[in-house]
Each structure stands twice: as C-alpha cells, then as structure tokens.
Amino acid sequence: MKRLSLFIICSLFFCSTIVEAQKQYNYSVVPNDPLKTRIYTLENGLTVMMSVYKDAPRIQTYVAIKAGSKNDPAETTGLAHYFEHIMFKGTSKFGTSNWEKEKPLIAAVSDLYEIFRKTTDEAKRDEIYHQIDSISYQASLIAIPNEYDKLMSAIGANGTNAFTSVDQTVYVEDIPSNQLENWSKIQSNRFIDPIFRLFHTELETIYEEKNMTLTKDSRKVYEHLLKGLFPHHPYGTQTTIGEAEHIKNPSMKNIQIFHDNYYVPNNAAICISGDFNPDEAIQVIDKYFGEWKPVTVPKFSFTKESKSTEITKIDVKGQDAENISIAWRFDGANSNDADMITLIDMILTNGTAGLIDLNLNKKQACINAGSSPQIMADYSFLMLTGKPKTGQTLEQVEQLLLGQVELVKKGEFPDWLIEAAINDLRLREIKEHEANESRAMAMVDAFTSGISWERKVTLLDRLSKITKQQIVDYAKQNLLNNYVVVYKRVGKDESVKKVKKPKITPIFINRELESNFLKSIKESTAKPIEPVFVDFETAIKKSILPNNNIPVLYIANEENNTFSLEYKFDMGANNDRYLSIESQYIKFLGTTSISPEVLTQEFYKIGCTWDMSVTRDEMTLKLSGLNQNFVKALDLFEGYIQDVKADTAALNKMIEGVLKKRADAKKNQQSLQSALFAYGFFGKNSPSTNVLSEKELKKIDANMLISKIKDVFSYPHKIYYYGPSSLADLTNVLKEHHQAPVAFKSIPVAKVYTEQSTDKNIVYHLDYPARQAVVVLLSKGGKYDKSIEPILTLFNEYFGGSMNSIVFQELREARSLAYTAMSFYQKPIDLKYSFFSLSYIATQNDKVIDAMKAIKELLNNMPLSDKSFLLAKDGIIQRLRTERITKGSIFDTYDANNKMGINYDIRKDIYEKMSTFTIADVKKFQEEKLKDKNSIILILGDKKDLNFKEISKFGKIKTITPEMVFGF
C-alpha cells in the first residue's frame, strides 16, 4: 500500500512537472479575419504573426524590423540599407573559420574607417584605404563568404532576399515546412550576433546599386517628389540608399549602434504563412528567439510638416522620356486620411472604370495616366502620373490629371462606383490570399506601419461606410493647389557625379571551409517530405465542345468563388504582325449599341475583367472575375467581339500613341536592353524588329482591323478554365454561349528567326549615357534535348544561378564588380531554337574590362568545390521535395512542357537523376558547353566612359543603334 502510494505520489509529481514545463502561449485573433492570423507576443517583446495555408509544404517567412532609412543618422544616410547587406555576412558562429583570429582584424578595419571618413586629403585617404584593403584581405583568409547562403541552400530555402524602405527592413526566406527549427536556429543567431565582415567589398557592391538608381529616372523622380512633400521629415531629407559621399565614407561604429538600437525583439516581428502547426511553431520560435534581449528603442520623433498652401514645382532631368508626377501629402497609416485616399484612388484609377481610366486612358487624352496611394507610418500621399502625347506638354498633362480630381470634388462620378471599387478591392484581396508571400507581407505592412491587425483586416468594412458626400467634402478640403509636381524632362543630369573605381584586392574565397554551425545544420535530421509531381492526366480534366470539337481544359477552383477563362490560339505576332495592333485597338472600342466607356463600366459592375494579349507565338483572350457572374460576363464579352464597332479617330490616336511609345523606348535602358538581347540572339532580323513600320501603321484601315477582330474565333483555339463550376456545367454553358464556326481557318504560317552564329567573337556596342553599363556574353549551343535538363539544372545552380553560385561569389563577393551578376545555360522556348550560354553583369563603366575578363575566366576555368557542389545538389533535391505546382499554374506548366514535346512533369526526371551526379558531371558539362567558346558580347553603356581599345581584345567591335535593335 505504501509502495502504491509512493507510486501515485511520484506520478503526481511527474505530471505536475510536465504541466509546469509546458509553457502556455497566449495569442490574439481578429474576428472575421480571412487569414485567421494568430498574433503572439513573446516575453522579450517579439511579435509573432502566423497564418496557416497548406497550398504546399512550405512556409513563407519574413523577419521585419521596424526601422528603415528614416532612422538613419543624417550624417551617414543609407546606413539602414547597408546594414541590411551586412546581415548576410554571418556571425561569430558561421561565416568564419576562426572568429578569435578574425575579430581583431575587423576591429582594425572599423577603426581605420573612422579615420578615413574624417580625412579630406586624397593622398592620405588612398593610403588609409590601402590599409583597409590589405587588412580586409587578411581577414578574408579566415572568413567563409556566403556561408549564410550555404545555410539556406542546405535547408532548401528559396527566394533568399531582403529589402529596406523608409519605415522597415525586412528579411525574406521561403523554407520547407520541415525546416522551421533550423531556420529559427539560423535566424536567431543572425539577428542577435551579426558580424561586419567583408565590409569594404560589400560597400562597393552597394555603390553599384547606387549606380543603378542613378540610371533609373523613375527612382530620381520619386526621390525628388519625396523631397518636395517632406522638406523636414527624413522621408524627404534623406534617401534609402544614401548619399554617394556617405556610402563612400561609412562608419562601422555607427552601424553597430544602429543594430544595438533597433535590431531588438521588441522592435521586430516574425511573420509567417504556410503549412505548419501554430502550437508547435510558436514553441520552436520561442526556443531560439526567446534569448534575444530587449532594450528600449529610441523614440522616433519629428517636427510635423506645416500645412502646404502652394504648389511646389520641381524639374528633374534624365535620359528617359518626359513624364509628370503630382502628389498631395496626408497623415499616416493610422489616420482617416489613409482610408480616404485609398478610396479616392480607386475612384480615379482602378484599371477599368475610374475617372482617369475612362476620361484619359480610354479616350487617349495622354499616355499611361494613373494614380496610386502611398501609405507610410508617419505620412501618406496620393500620387497622379502621366506621360505626354506627341506635341503635348507636361503642363497640359498636369491640367488633364487635375481635371479628374476636380470631377471628384464636384461629385461627378456614378454612385455605384464606390461599391464597385470596394468589391474590386475585395476581389483583389481574395487573389492575394492565394499566395503565402502576400499573406505574410500583409502582416509585415501592418506591423511596420504601426497599425493594429484589426485595423488592417477591417479596412474594407471601413471603406464601405464612407459616403459619396464624404468623399466630395474631403476632396474639396484637401486636394487643393497644395501639391508637389515633378516635371521629368529629357536632358543631362548634371548632379550625377562620376566616382573612380577603387583599388580592391579580390578577397579569398574559402569554398571548402565550413563552420561547425553549418555542419550541425547539414547533419540535422527532419521528417522527410516526399515530392509530388503533376500528373497532367488527372490534374487537368478535358472535354470537347460537340459542335466544333474545341478542346476544353478544366481545373476546379476549390478555394474561392473566382474564375479564369482563357481562349488560347497557337498564333501570335510571328504569324500576323497586325495581331499586336489588334490587341491594343480593341481596348478603345465599343459596339453598335454601347460606348467603350459604358462597356467597361458594365464589366466593372459585375466584378469581371477581360484582356487580349499577344506574344511571339500565342494569342490569349482572357475573362476573369466572380464566378456567379460568369455567364453574364461571357455573354457580354462574346457579344462585344461579334458586334465591335470601328472607330477611325480612336485608331489614329492609338497609332500616334504607338509611335510616341516607340520614341520613348529608345530612351529607356530596360527597353533597349531587352531589344539588344534579341539582337544578340538573332541579329538584325529579330522578334523585336518584327513590327509594322510607321508607314504601314499609318495606312491601317479601321474596318480591316474590325474584320480581323470579329474573325478571331474562326481560328483553332483551346479553352482553359480554372474556377468552381463543374466541368459538365462549364461545357453546357460554352456549348450554348461560345460563338465559333463548325470548321476553322488555317493558322497563318509563322515567321522563323535565324539564330546568330557565335563561331567568332563579336562585340556589339549600343550607346547609352549612364554611370552603369550592362554586359552580356552569349554562346550558342545545340538544339533542345530533354535528357540534359537534370545536369543543366544542377550546373546552373552551382555555377551562376544562385547567391551561393561561383559567379555570384567571384564577381560580387570577391571582386565587388557588380550588384547583379549571373550566368546560366538557357534552354530554348520551343523546339525550333537552341540552347544558349548567357552571362550577365551590370557594372560601373570603368569596371567593364575587369568584369569581362572575370566572366571569361570563369567560363573557361570553372572553380571546383565539392562542398559547393553538394550544397547545390542537396538544395535542388530539397526544393523539389517541397515544390508544388497547383491551381491555374498547372496549365502554364502543361503548355510549356508541350512546347518542348514533353507530356509529363519534367521535374520528375530532374529529381530522380539529381542524386546520381558527381562534380565530375558538372565539370564535363562546363567543358563541353562553355569552355573556350567564342561569344557574342553585348554592351549597353556610355561610349565616353568605355575603353574600346581594351574591349576590342574580346572581339571585333560593331556599333549598333536603337533603330537597328528595334526595327523602327
């Protein structure tokens, strides 16, 4: 009896101990939250927000710090941003082979930077920088560059990234659902104990990012707009990336202070969405992040901007085409202002039936007019934008935009538009909730802007209570002649200063070294997740419309009540150059009984949209929206196609706009880069040049285009549907409502392009006045062979397709030659074309020669690393185990595979073959496909700053023009 009593006592004691050890976690939820978000606050003040969404066995993670560029010291702007970069350099546990030896070297570099930034004599600065470079090289012999990326690769993470803005710095990872513990272990160590290693090379990378912003006129316009709106607040007085002189004169000590002040748990949030058990997840997160020590965060205070009573006008010059931006300042995210400008924006521009949509874009009164609200923690603003037509001034576009604001102030918009706009926002929210990235980002935005989750969730409810009269009154009181306007004009920007290339000794890359921390992560075990590949036969149900044998492909939407219907035609601009013009023209037309504006409004009222798009080899007519209005939308759309009415005046305006956009494209770096790529692949007869000439455009007859539009369904097509209706119901609806003939016309023969030979080294130079040049190397391979997909995937991952790749490490990490650098073996888009080796780097003009030499060296003599190889291979296997292709994306994969003659999920071949590869296989691939190959080299850069004598050593230089790459 005593023994039994003792047993009972011991049992009770043991149970009591378990209960005491089982920590309880309280959380809050918001009623009617569609994401069912749990909000925890750990004992150290860390906010944890969780939403379960089991679309794939993965978790989207964001670690958000409530500190951005507004928290930068005025004397070292850009600090928050370059600390974001430093967060990828490791800790005292990883990223180093011997922290005790490395520590004094990093401290010495920090001390030298304090002297360097206070020194004005250039000769002495050069001497100090030489010391920094020398000590940094010694430290690099101990460091293990990119070990953070190796850790992420080891756990199968995707999308490793981070970003900084005015109010926030956010760190991004998409991880397998069985790796939450390893992720927590890595991230907690990273946030608690960051080490500022490899500092001077990373700063040069940041300066390359600064060069990118100086090239982009849109970035300059935005920064000047903020300066005008916030003359006293850091939103306007300092930029996120920082002033050039501050980037070149950094303070490691100030960065440490920034970390200690703001990178604390009570100023941070972990926001996750995906496949996990919240009760288990919070325990794991607390286990690792619970040791993060809280401190009092410096209170951010600012002098409130005085109420503006006049127009502030700012001129910005640059290479891009002219455009205008107008903005009014309002209070921040927690204010009534934020709600009001959100709704006013939808009345002005919703992409379909807003005042700007109908009165300016639909009527082609100017080019690309629009509006958008920017909601930030301390302030918000409502922005209007537009581009002038030929012969139109920026001031005239300004008056057109302001005219739409006047209509809001007068209440001259339909009463139903408010409800329709809110329904549109609700529909957009539904679509956003189909992706873990946007679900978790909603949490980030709420946290960093300082609003409660309840306020975030109830936004649409609040908007629905706003009356038309309230909108009118608010606009009258606030949208006055108190705005900032930025006129972006074409011209040379004299404010951009040239910075000489520093003498940097490439750091040593320890590819074979691994920290014990990395080893422990690699050796850890997690419950395995088995891969799931798409079986197209079961995933896609098929039917045939009986009257004309049109194939219907169907996937059920079991998540919500939205649909997407696509008519796909195996013909595009390669078959008929007029198709691209048709796809633009149709959007400005009505029918014999309905005007274009009324037709657009009818679609918007029922929560549906349509579009016509044309690519090289495909045309798609798409209808989407609320499924309860599917039949109504289908009848409206098909009736429109059959009864569309010609409008010669609209056509003439459109042609004028096309010609203006072509002229603008010749001034835009991204447009030139895209066309230059096509020229590199195909020469002067490329898809980019397969366009109607100005003479042909001006000769187009409106009735001819109308005839072609009405005739569209007379060509063979397939119908793709993703939605909640059953296949039987869908087929019956289409049989009754889809208007197509019994027999179809033959598709016009497609133009086939001849790929350029790369037997000889040739350099094509296209002049573009910017501080940063784009360099591309192309080498042609053989025709498509699906058997090399597995080794191609592994080679790309190892060599140049990830942050842990050889190319990224060498060009960015070791030599600081670029912000962006990549190299991969690219497969063709269809069986007519070939594989190409493609290497890309964007670098300062005076680094072009170094960059070209470095790329060539890597292509010909690829460094081998068993450790990097195994990480690349294991990372691919991990991702394939947890990657899922679902919903409408199945159609995209199905079509892409069919184009290559494959009728199954090719990822299965990659997965099954991956474990058999050795590093010798990767080396063999490189030697066969890349080594000692001649190249076509494309350079988009400023001829005044390029060393053509040195460039000519890489091949015969041929100067090309925008007219040659565009064909107009």
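Here the residue numbers are simple positions, counted from 1 along each chain's written sequence. In keeping with the predicted nature of the model, local features appear solely for residues at pLDDT of at least 70, side-chain atom pairs appear and are counted solely at 80 or more, and the whole-chain, interface and lining totals rest on all residues. The basis for every side-chain value is the complete set of non-hydrogen atoms in the structure, without hydrogens or water.

A.B. asks: Mind showing me how you'd approach the packing of helix H25 (residues 630–643) against helix H30 (residues 727–737) here?
C.D. replies: If you want to describe how two helices pack, look at the angle between their axes and the distance between the axes. Closest axis-to-axis distance for the H25/H30 pair is 11 Å, and the angle between their directions is 30°. With respect to their mutual orientation, H25 and H30 come out roughly parallel. The hand of the H25/H30 crossing is right-handed. Between H25 and H30, the contacting residues are Phe630, Val631, Leu634, Asp635 and Glu638 on the first element and Leu730, Val733, Leu734 and His737 on the second. Here the nonpolar group is Ala, Val, Leu, Ile, Met, Phe, Trp, Tyr, Cys and Pro; Asp, Glu, Lys and Arg are the charged ones; every other residue, Gly included, is treated as polar. Residues of the contact of H25 with H30, tallied by class, amount to six nonpolar, one polar and two charged. Orientation is described by axes fitted as lines to C-alpha atoms, over the contacting stretch for helices, and by angles from 0 to 180 degrees between their N-to-C directions. Only DSSP runs of H or I with at least four residues qualify as helices, and only runs of E with at least two residues qualify as strands; both kinds are numbered from the N terminus onward. The labels follow the angle: roughly parallel below 35 degrees, roughly antiparallel above 145, roughly perpendicular from 65 to 115, and oblique for the rest. Helix crossings are classified by the rotation of the near helix relative to the far one: an anticlockwise turn of less than a right angle makes the crossing left-handed, while a clockwise turn makes it right-handed. Here a residue-residue contact requires only that any non-hydrogen atoms of the pair lie within 4.5 Å.

A.B. asks: What exactly am I supposed to notice about the sheet that holds strand E14 (residues 550–556) here?
C.D. replies: Where strands meet in a sheet, backbone hydrogen bonds hold them as pairs that are either parallel or antiparallel. Strands pair, by our definition, only if DSSP identifies at least two bridges between them. Overall, mixed pairing links the six strands, which are arranged E13-E14-E18-E15-E17-E16 in an open sheet. In the strand order of this sheet, the two ends are held by strand E13 (541–545) and strand E16 (608–614), each with one partner. Each adjacent strand pair in this sheet contributes to an overall mean axis angle of 15°, direction not counted. Across five bridges, the pairing between E13 and E14 is antiparallel. The residue bridging Lys542 from the neighbouring strand is Leu553, located in E14. Across the sheet, helix H35 (residues 889–899) touches E13, E14, strand E15 (562–569) and strand E18 (718–723), and the angle it forms with E14 is around 135°.

A.B. asks: Please clarify how the sheet that holds strand E21 (residues 820–826) should be interpreted in this entry.
C.D. replies: Strands sit in the order E21-E22-E20-E23-E19-E24 across an open sheet of six strands; the sheet is mixed. The strands lining the two open edges of the sheet, one partner per strand, are E21 and strand E24 (956–960). Going across the sheet, the axis of each strand differs from the next one's by a mean of 15°, ignoring polarity. Pairing analysis gives seven bridges linking E21 to strand E22 (residues 834–844), with the strands arranged antiparallel. Across the sheet, Ser823 pairs through a bridge with Ser839, a residue of E22. Packing of helix H27 (residues 669–682) onto the sheet brings it into contact with strand E19 (762–767), strand E20 (772–783), E21, E22, strand E23 (936–941) and E24, and relative to E23 it is tilted by some 165°. Set on the sheet, helix H32 (residues 806–814) makes contact with E21 and E22; between it and E21 the angle comes to about 155°.

A.B. asks: Mind showing me how you'd approach empty space enclosed by the protein here?
C.D. replies: Using protein atoms alone on a 1 Å grid, points that fit a 1.4 Å probe yet trap it form a cavity, whereas open point sets bounded by protein on both sides within 12 Å along at least five of seven lines form a pocket; residues with an atom within 4 Å of a point count as lining. Grid points are joined across faces, edges and corners, and a volume is the space filled by probe spheres set on the points. On inspection of all chains with the given rule, the structure shows two cavities of 30 Å³ or more. The calculated volume of the second largest cavity comes to roughly 60 Å³. Around the second largest cavity sit Ile106, Val109, Ser136, Ala139, Phe196, Arg197, Leu198, Phe199 and Met252, which together line it. Counting only elements with at least two residues in the lining of the second largest cavity, the list comes to helix H3 (99–118) and helix H4 (122–140). For the lining of the second largest cavity, the class distribution of residues is seven nonpolar, one polar and one charged.

A.B. asks: Honestly, the packing of aromatic side chains in this entry has me stumped. Any pointers?
C.D. replies: Here the distance between the centres and the angle between the planes together describe a pair of aromatic rings. The pairing test for Phe, Tyr and Trp rings, Trp by its six-membered ring, is centres within 6.5 Å, and the orientation test on the planes gives stacked under 30 degrees, edge-to-face over 60, and tilted for anything in between. Scanning all chains against the criterion turns up 48 aromatic pairs. An angle of 70° between the planes, with centres 6.3 Å apart, marks the rings of Tyr171 and Tyr263 as edge-to-face. Highlighted residues: Tyr171 in strand E6 (residues 169–176) and Tyr263 in the loop between helix H11 (252–262) and strand E7 (268–274), separated in sequence by 92 residues. According to the relative accessible area criterion, Tyr171 is buried, its value standing at 2%. The buried label goes to any residue with under 20% of its type's maximum accessible area, the exposed label to any with over 50%, and the partly exposed label to all in between, with areas taken from a 1.4 Å probe on protein chains only.

A.B. asks: Would you take a moment to explain the packing of helix H5 (residues 147–154) against helix H21 (residues 516–523) for this structure?
C.D. replies: Following both chains from N to C, one finds H5 and H21 inclined at 5°, their axes separated by 10 Å at the closest point. Taken as axis vectors, H5 and H21 run roughly parallel relative to one another. Residues Glu147, Lys150, Leu151 and Ala154 of H5 lie in contact with H21, whose contacting residues are Phe517, Leu518, Ile521 and Lys522. Residues that form the contact of H5 with H21 fall into these classes: five nonpolar, no polar and three charged.

A.B. asks: How should I be thinking about the side chain of Ser583 in this particular structure?
C.D. replies: Inspection of the secondary structure assignment puts Ser583 in helix H23 (residues 578–585). Setting aside anything within four residues of it in sequence, one finds Ser583 in contact with Met612 and Val614.

A.B. asks: For this particular structure, what's the right way to read the pattern of salt bridges?
C.D. replies: When the charged atoms of two side chains lie near each other, side chains of opposite charge can form a pair. Throughout this description, the term salt bridge denotes a Lys or Arg side-chain nitrogen within 4 Å of a carboxyl oxygen of Asp or Glu. Counting across every chain of the model gives 52 salt bridges. Salt-bridge contacts for Asp217 lead to Lys220; the nearest nitrogen and oxygen are separated by 3.2 Å. In this pair, Asp217 and Lys220 are both assigned in helix H8 (residues 217–229), three residues apart and thus about one turn of the helix distant. Exposure remark for Lys220: the relative accessible area of 8% places this residue in the buried category. Here Arg771 makes a salt bridge to Asp945, at a shortest N to O gap of 3.6 Å. Of this pair, Arg771 sits in the loop between E19 and E20 while Asp945 sits in the loop between E23 and helix H38 (948–951); the two residues are 174 residues apart in sequence, bridging distant segments of the chain. Through salt bridges with shared partners, one network takes in Asp217, Lys220, Lys488 and Asp493.

A.B. asks: It is not clear to me how the pairing of strand E2 (residues 38–41) should be interpreted in this structure. Could you clarify?
C.D. replies: Side-chain direction in a regular strand flips from residue to residue, so the side chains alternate between the two faces of the sheet. With two bridges joining them, strand E1 (residues 27–28) and E2 adopt antiparallel strand pairing. Along E2, the bridge assignment pairs Ser28 with Ile39. Bridging between E2 and strand E3 (residues 47–52) involves four bridges; their strand directions are antiparallel. In the strand pairing of E3, Ile39 is matched with Met49. Between E2 and E3, which follow one another and run antiparallel, lie five residues, and Gly45 among them has a positive phi close to 95°.

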